[in-house]
Amino acid sequence: MELLIDTTEKGKLVLGLIKGGQIVAKIEYKVEQLSESLLPTLKKFLRVCKIKLKDLEKILVNPGPGGFSSTRTGVVTANALAYALDIPVAEYPSGKSKDMVLPKYDRLPNITKPKK
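Here is what the cut-offs are and how they apply
Residues numbered from 1 in each chain as written. Predicted model: local features only at pLDDT ≥ 70, side-chain atom pairs only at ≥ 80, totals over all residues. Heavy atoms only, no water. Helix = DSSP H or I, 4+ residues; strand = E, 2+ residues; numbered from the N terminus. Contact = heavy atoms within 4.5 Å. Pairing = 2+ DSSP bridges. Axes fitted to C-alpha atoms, helices over the stretch in contact; angles between N-to-C directions. 1 Å grid on protein atoms, 1.4 Å probe; cavity = no way out; pocket = protein on both sides within 12 Å on 5 of 7 lines; lining within 4 Å. Points joined across faces, edges and corners; volume = space filled by probe spheres on them. Nonpolar A, V, L, I, M, F, W, Y, C, P; charged D, E, K, R; others polar.

Draft legend 1. Fine view of the side chain of Thr41. Positionally, Thr41 belongs in helix H1 (residues 34-48). Filtering out sequence-adjacent residues up to four positions away, Thr41 remains in contact with Leu13, Leu15 and Tyr29.

Draft legend 2. Structural view of the sheet that holds strand S4 (residues 58-61). Pairing is mixed across the open sheet formed by six strands, whose spatial order is S3-S2-S1-S4-S5-S6. In this open sheet, the two edge strands, each paired with only one partner strand, are strand S3 (22-30) and strand S6 (97-98). Relative to S6, strand S5 (residues 89-91) runs antiparallel, the two being bridged by two bridges. Bridge pairing in S6 links Val89 to Lys98. Against the sheet, H1 engages strand S1 (2-6), strand S2 (12-19) and S3, with an angle of about 35 degrees to S2.

Draft legend 3. Just the layout of surface pockets, in detail. When its volume is computed, the largest pocket comes out at roughly 240 Å³. Taken together, Lys10, Gly11, Val31, Glu32, Gln33, Leu34, Ser35, Gly67, Phe68, Ser69, Ser70 and Thr73 make up the lining of the largest pocket. Among the elements of the structure, H1 and helix H2 (68-85) are those that each provide at least two residues to the lining of the largest pocket. It is H2 that provides the largest number of residues to the lining of the largest pocket, a total of four residues. Looking at the lining of the largest pocket residue by residue, the class counts come to three nonpolar, seven polar and two charged.

See below:
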């Protein structure tokens with residue numbers, strides 16, 4: 001069983017389960033604070049699908065492009081889970097396993113001093 005994580009759209013979390021190359025379960029959540037809700041939502045999704053973390057064989061993640069913070073949150077979570085579970089992580093949709101997936105951005109980050 002492979003877990004799919006897609007956080008490239010701001011305010012939206014897509015989770016899926018893939019078996020034999022076919023999506024067997026997929027759900028989209030609207031989320032306010034992705035960094036705070038990703039892991040609890042993932043836990044709930046796996047529980048509803050009756051899948052345990054130890055049942056996962058690979059983690060797939062959409063590396064972007066997409067929202068800067070949301071994409072980064074999804075990619076780092078996928079990398080951390082794969083590392084902790086000692087399973088491969090791969091970019092979605094290519095599926096090629098890597099040591100680590102890096103986020104892809106459509107532009108440089110816009111980091112400025114706050115306006116007063």
